[in-house]
Amino acid sequence: VEFRRDYLQSEPRHLATLNLAVEQSQWAIQPRIAGFGRGVAVHESFGSVVAMVADVLVTGKQFKVTRIVCAVNCGFVVNPDQVMAQIEGGAIYGLTAALKNGVSIQDGACAQSNFHDLPVLRMDEIPEIIVHIVPSTDKPGGIGEVGVPPVAAAVANAVFAATGKRLRDLPLVL
């Protein structure tokens, strides 16, 4: 977190978004539980900034994402419920890609032809997702897909915090 704060000193929107996610996740009060890890990621796209903090529990060669705290700065918000729904949905979609969806090649071609060939997270696999909106009077940014990209990085960073092992390929597997 401190590295990112230093790096984002010249980006006040990014820094404010990161700070809100970190504060709301209670970053400074990390549980002393064996296998617990907490990771963070910040992303900008379509004129919006999203920061995510992911909590994981690692048991042996398995890990479970237990919570994702999100902060989003998408400028002036017309419909807060829609913003929250988009970030929640994006987090679930990104988490599905991070944990379940690998693309495989057979005979020089992609073996998956479309979404029906890819598993999705089930309701009992979805962690608690908490979304906070940064108050802003800036022009509205996009919100449709901005919740997807930071998920895998936050989860991979959380696994690293718990295990010391870097996961650099999708799907994330210990």
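What counts as what
The residue count restarts for each chain, going from 1 along the sequence in the order it is written. Predicted model: local features are reported for residues with pLDDT of at least 70 only, side-chain atom pairs are reported and counted for 80 or more only, and whole-chain, interface and lining totals are derived from all residues. Each side-chain value is worked out from all heavy atoms of the structure, with water and hydrogens disregarded. The salt bridge definition used is simple: a Lys or Arg side-chain nitrogen within 4 Å of an Asp or Glu carboxyl oxygen. A run of H or I in DSSP becomes a helix once it reaches four residues, and a run of E becomes a strand once it reaches two; helices and strands are each numbered from the N terminus. Side-chain atoms within 4.5 Å are what join buried Ala, Val, Leu, Ile, Met, Phe, Trp, Tyr and Cys residues into a set we call a nonpolar core. Exposure is judged per residue with a 1.4 Å probe applied to protein chains only, and the accessible area is read against the type maximum: over 50% gives exposed, under 20% gives buried, and values in between give partly exposed. Should any heavy atoms of two residues lie within 4.5 Å, those residues are considered in contact. In this analysis, the expected span of each helix is defined as 1.5 Å times one less than the number of residues it contains. The term polar contact refers here to a pair of N or O atoms within 3.5 Å; inside protein, the definition further demands a hydrogen-donor-capable atom paired with an acceptor-capable atom, and it admits residues adjacent in sequence only when both atoms are side-chain atoms. We place a 1 Å grid over just the protein atoms. Points where a 1.4 Å probe fits but has no way out form a cavity, open points with protein on both sides within 12 Å along at least 5 of 7 lines form a pocket, and any residue with an atom within 4 Å of a point lines it. Grid points are joined across faces, edges and corners, and a volume is the space filled by probe spheres set on the points. Gly falls in the polar group here, along with every residue not listed as nonpolar (Ala, Val, Leu, Ile, Met, Phe, Trp, Tyr, Cys, Pro) or charged (Asp, Glu, Lys, Arg). Throughout, an axis means a line fitted to C-alpha atoms (over the contacting stretch in the case of helices), and angles, computed between N-to-C directions, take values from 0 to 180 degrees. Working definition: roughly parallel below 35 degrees, roughly antiparallel above 145 degrees, roughly perpendicular at 65 to 115 degrees, and oblique for all remaining angles. Crossing handedness is read from the near helix: turned anticlockwise from the far helix by less than a right angle, it gives a left-handed crossing, and turned clockwise, a right-handed one. Any two strands with at least two DSSP bridges between them are considered paired.

Caption draft 1: Representation of the pattern of salt bridges. Overall, the coordinates contain five salt bridges when judged by the stated rule. Glu 2 is paired through a salt bridge with Arg 5; the nearest N and O atoms lie 2.8 Å apart. Taken as a pair, Glu 2 and Arg 5 lie in helix α1 (residues 2-7) at a separation of three residues, close to a single helical turn. A salt bridge links Lys 100 to Glu 125, with the nearest nitrogen and oxygen atoms 3.1 Å apart. Here Glu 125 lies in the loop between β5 (109-110) and β6 (128-133) and Lys 100 lies in the loop between α3 (80-99) and β4 (105-106), a separation of 25 residues in the sequence.

Caption draft 2: Quick look at the nonpolar core. Formed by 33 residues in total, the largest nonpolar core has its most connected members in Met 52, Val 56, Phe 63, Ile 68, Val 72, Ile 87 and Val 155. Of all the secondary structure elements, the ones that give two or more residues to this core are β2 (48-59), β3 (62-73), α3, β6 and α4 (149-163). The leading source of residues in this core is α4, at seven residues. Among residues more than four places away in sequence, those in contact with Val 155 are Ala 54, Val 56, Phe 63, Val 65, Leu 95 and Leu 172. Core analysis: the next-biggest nonpolar cluster, separate from the first, contains 13 residues, Leu 8, Leu 15, Ala 21 and Ala 51 among them.

Caption draft 3: Examining α3 more closely. Given a rise of 1.5 Å per residue, 20 residues ought to cover 28 Å, and the 28 Å separating the end C-alpha atoms of α3 matches this to within 8%. Burial in α3 covers these residues: Val 83, Ile 87, Gly 90, Ala 91, Gly 94, Leu 95, Thr 96 and Ala 98. At its buried positions, α3 is contacted by β2, β3, β6 and α4. Looking at where α3 begins, the residue whose side-chain oxygen comes 3.2 Å from the main-chain nitrogen of Asp 81 is Asn 79.

Caption draft 4: Structural view of the layout of surface pockets. Volume-wise, the largest pocket comes out at about 280 Å³. Every residue along the wall of the largest pocket is listed here: Lys 61, Gln 62, Phe 63, Lys 64, Val 65, Leu 99, Lys 100, Leu 121, Glu 125, Leu 172, Val 173 and Leu 174. Looking at the lining of the largest pocket element by element, the count peaks at four residues for β3. For the lining of the largest pocket, the class distribution of residues is seven nonpolar, one polar and four charged.

Caption draft 5: The arrangement of the packing of α3 against α4 in detail. Two elements in contact, α3 and α4, have axes separated by 7 Å at closest approach and are oriented at 55°. Between α3 and α4, the angle falls in the class oblique. Here α3 runs over α4; the crossing is right-handed. Residues Gly 90, Ala 91, Gly 94, Leu 95 and Ala 98 of α3 form the contact with α4, whose own contacting residues are Val 151, Ala 152 and Val 155. Residues belonging to the contact of α3 with α4 are distributed by class as follows: six nonpolar, two polar and no charged.

Caption draft 6: Region of interest: helix α2 (residues 12-25). Along its 14 residues, α2 runs 20 Å from first to last C-alpha, staying within 8% of the 20 Å computed at 1.5 Å per residue. Those residues of α2 lying buried are His 14, Leu 15, Thr 17, Leu 18, Leu 20, Ala 21, Val 22 and Ser 25. Against the buried residues of α2 lie α1, β1 (36-45), β2, β3 and β6. Positive phi shows up at Gln 26, right after α2, with a value of about 60°.

Caption draft 7: Expanded view of the pairing of β1. Burial runs high along β1: seven of the 10 residues are buried. Sheet topology note: the β1/β2 ladder contains 10 bridges and is antiparallel. Counted as the bridge partner of Val 40 is Val 53 from β2. Adjacent in sequence and paired antiparallel, β1 and β2 are bridged by two residues, among which Phe 46 carries a positive phi angle near 55°.

The quantities given are spatial measurements derived from coordinates; they are silent on function.
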